[in-house]
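Architecture and fold: a report
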Amino acid sequence: MSNTTTAKARTPLHEDWAVVVLGFLIIFISFFYLVPAPAYGWKDGASLRDTVLTGANLGAILVQFVFVFAVGLLGAWLTGKSLRAFVKVFPVIAVLTILALVIAGNSGIKGLGLEAVIFSLSIGLLVSNTLDLPEWFRSALTAEMFVKIGLVLLGTSVIFTDILKAGSLGLIQALLVVVSVWYFAFWVCRKFKLDDELTMMLSSAVSICGVSAAIATAGAIKGDTKKLSYIISLVLITAIPMMIFMPYIARYFDFPEAVTGAWLGGSIDTTGAVVASGTLVGETALKISTIVKFSQNVLLGLAAFAISVYWTYTNKGKTQDAVKQPTLAVIWERFPKFVLGFLAASLLFTLLSPTVTEAGTVRAGWLPEDQLKSLSASLKSVQLLWFVLAFTSIGLETKFSDLFNAESRKPLYAFLIAQLFNIIVTLIIAFLLFSNT
């Protein structure tokens, strides 16, 4: 064999496929080694010292973060990102995340219903908007990957029968919301005389699934990356107050938990924020909100296909360079693959879990019940850590100053009006579909 033979460069794996691989790697390892679940609960200084800051618990925190760091490093390698940058950035994210987890562990904070994701997001925003973080630092943040890994693991706590029960309603709601909100947002953008690229990206972001929809639309129309970045900033920043206040509004008006979950899942534009807000309400709301959001995610591929058709067969499409011709492959290309990981994890743990037969007897699952409980507890702790890490990263990459300039006012107003319409319409549809669930 010739010594001059050049090895082919490794092709990076798409992030959605990478998170499926990483999620199931975590699940597989957990069958043989349970990553310890640290304790963060405390009431006062004495309990903080005796519970959280003990040698054993600090060791559990270290083991869990080393494990997550190793998985994240593998993810950076699979997706072709800089390993050196990830190694430098992750310790900063980890320290801020631990701080958020400790703050959220206080019994008084828990009594207010505030979760760790809120504090990790707030801490990240505080750092990002008070310090001038270098561009290489921001570019190394992988919030989307962290969220998606957490979502694959979330499937282990959502048994498949729940998806089948609520999935049809979720899909109906998704169709009604996406169609009505998209056309309303499109109409509002036209009234504000926004350009075609902004109109398409903004309408898709508000109506479908936020960041992923904006990215998919930009790819379908070969949109300006600066406009895409602005839309993503709008999505992330407006998701913050929605994530925090909508659960409390639902609690104040005593909305049924299933309705609240459907409302959150159908109106909040980022999957991670949906998960965070669902956790503020309860287990049922978390499951329903995730299922509804996934129902909207499923429509992402169809929406990207429709947008590709529209953009290709109009004068706009003819003026673009090498616009991808609409084919069935476009649907598969835009389809969020991590949803498949969530469903596969759910199916796996449905088979592992005991089930109740029609005769009322309990049929044993594939794993003994005590072993399944330990496995689920470990995975739930790791899943929460991925979400908190993700929101620390989102805070670190978000700048409020991007919203406050003359050029951005019209898109901001259009986005807020469309989002308000989205919140109202989704609540009405959620009551119609989920009030008896």
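The sections below set out a description of the structure shown in this document. (Residues numbered from 1 in each chain as written. Predicted model: local features only at pLDDT ≥ 70, side-chain atom pairs only at ≥ 80, totals over all residues. Heavy atoms only, no water.)

1. Some points on the overall build of the chain
Rules: Numbering goes from the N terminus for both helices and strands, where a helix is a DSSP run of H or I of at least four residues and a strand is a run of E of at least two. The buried label applies to any residue whose accessible area, calculated with a 1.4 Å probe on protein chains only, is under 20% of its type's maximum; exposed applies above 50%, and partly exposed to all values in between. By definition in these notes, contact holds between two residues if any of their heavy atoms fall within 4.5 Å. Surface accessibility in these figures is a Shrake-Rupley result with a 1.4 Å probe; residues are shielded only by whichever protein chains are displayed.
Looking only at helices and strands, the chain features 20 helices and 2 strands. A total of 437 residues make up the chain; the buried ones form 54% of that total. Once local pairs closer than 6 in sequence are excluded, the contacts in the chain between residues at least 24 apart make up 78%. In the form shown here, the chain has an accessible surface area of approximately 19900 Å², with 67% of it arising from carbon and sulfur atoms.

2. Things to note about helix α1 (residues 15–32)
Threshold: For a helix, the expected span equals 1.5 Å multiplied by the residue count minus one.
Between its first and last C-alpha atoms α1 spans 26 Å; for 18 residues at 1.5 Å apiece the expected length is 26 Å, and the two agree. What α1 keeps buried is the set Glu15, Asp16, Ala18, Val19, Val20, Leu22, Gly23, Ile26, Ile27 and Ser30. Buried positions along α1 lie against α3 (55–78), α8 (143–154), α18 (338–352) and α19 (369–396).

3. Side note on a nonpolar patch on the surface
What counts, and what does not: Patch criteria: residues need more than 30% relative accessible area and no salt bridge. Like-charged residues are merged within 9 Å; nonpolar side chains of Val, Leu, Ile, Met, Phe, Trp and Tyr are merged within 5 Å. The salt bridge definition used is simple: a Lys or Arg side-chain nitrogen within 4 Å of an Asp or Glu carboxyl oxygen.
Residues Leu13, Trp17, Val21 and Leu340 make up a contiguous nonpolar surface patch of roughly 300 Å² in combined accessible area. With respect to the secondary-structure elements, Trp17 resides in helix α1. Residue classification places Trp17 among the partly exposed positions, given a relative accessible area of 32%.

4. Some points on the layout of surface pockets
The criterion, for reference: The definitions used throughout rest on a 1 Å grid laid over the protein atoms alone, on which a cavity is an enclosed set of points accommodating a 1.4 Å probe that cannot get out and a pocket is an open set flanked by protein within 12 Å on both sides along at least five of seven lines; lining residues are those having an atom within 4 Å of a point. Grid points are joined across faces, edges and corners, and a volume is the space filled by probe spheres set on the points.
In this structure, the second largest pocket spans a volume of roughly 560 Å³. Taken together, 26 residues line the second largest pocket, and the ones lying closest to its centre are Leu101, Glu115, Ala116, Lys380 and Leu384. Broken down by secondary-structure element, the contributors of at least two residues to the lining of the second largest pocket are α4 (83–104), α6 (116–130), α14 (271–281), α15 (283–312) and α19. Ranked by residue count, the leading element in the lining of the second largest pocket is α19, at 6 residues.

5. Here we look at the nonpolar core
Proteins that are soluble and globular tend to have nonpolar side chains buried together. Going by this rule: The definition of a nonpolar core used throughout is a set of buried Ala, Val, Leu, Ile, Met, Phe, Trp, Tyr and Cys residues joined through side-chain atoms within 4.5 Å.
Grouped together as the largest cluster of nonpolar side chains are 123 residues, with contacts concentrated most on Ile26, Phe146, Ile231, Trp386 and Leu389. If you tally residues by element for this core, the top one is helix α12 (residues 225–252), at 14 residues. Grouped together as the second largest cluster of nonpolar side chains are 8 residues, Ala174, Val178, Leu300 and Ala303 included.

6. Concerning the packing of α1 against α18
A packed helix pair is summarised by two numbers, namely the angle formed by the two axes and the spacing between the axes. Heads up, the condition is: Convention adopted: a line fitted to C-alpha atoms gives each axis, helices being fitted over their contacting stretch, and angles between N-to-C directions are expressed from 0 to 180 degrees. Our angle categories are set so that under 35 degrees counts as roughly parallel, over 145 as roughly antiparallel, 65 to 115 as roughly perpendicular, and the remainder as oblique. Each crossing gets its hand from how the near helix is turned against the far one by less than a right angle, where anticlockwise is left-handed and clockwise is right-handed. Classification convention: Asp, Glu, Lys, Arg as charged; Ala, Val, Leu, Ile, Met, Phe, Trp, Tyr, Cys, Pro as nonpolar; all other residues, Gly among them, as polar.
One way to put it is that α1 packs onto α18 with a least axis distance of 8 Å and a crossing angle of 25 degrees. When the interaxial angle is binned, α1 and α18 end up roughly parallel. When the axes of α1 and α18 are compared, the crossing they make is right-handed. On the side of α1, the interface is formed by Asp16, Trp17, Val19, Val20, Phe24, Ile27 and Phe31, while α18 contributes Phe338, Leu340, Gly341, Ala344, Ala345, Leu348, Phe349 and Leu352. Among the residues making up the contact of α1 with α18, the classes are represented as 13 nonpolar, 1 polar and 1 charged.

7. Some words on unusual backbone geometry
At Lys193, a position not held by glycine, the phi torsion is positive, near 60 degrees. Considering the arrangement of structural elements, one finds Lys193 in the loop between α9 (160–191) and α10 (196–209). Exposure remark for Lys193: the relative accessible area of 73% places this residue in the exposed category. With a phi angle near 60 degrees, Asp254 is a residue other than glycine that sits in the positive phi range. If you trace the backbone, Asp254 turns up in the loop between α12 and α13 (257–267).

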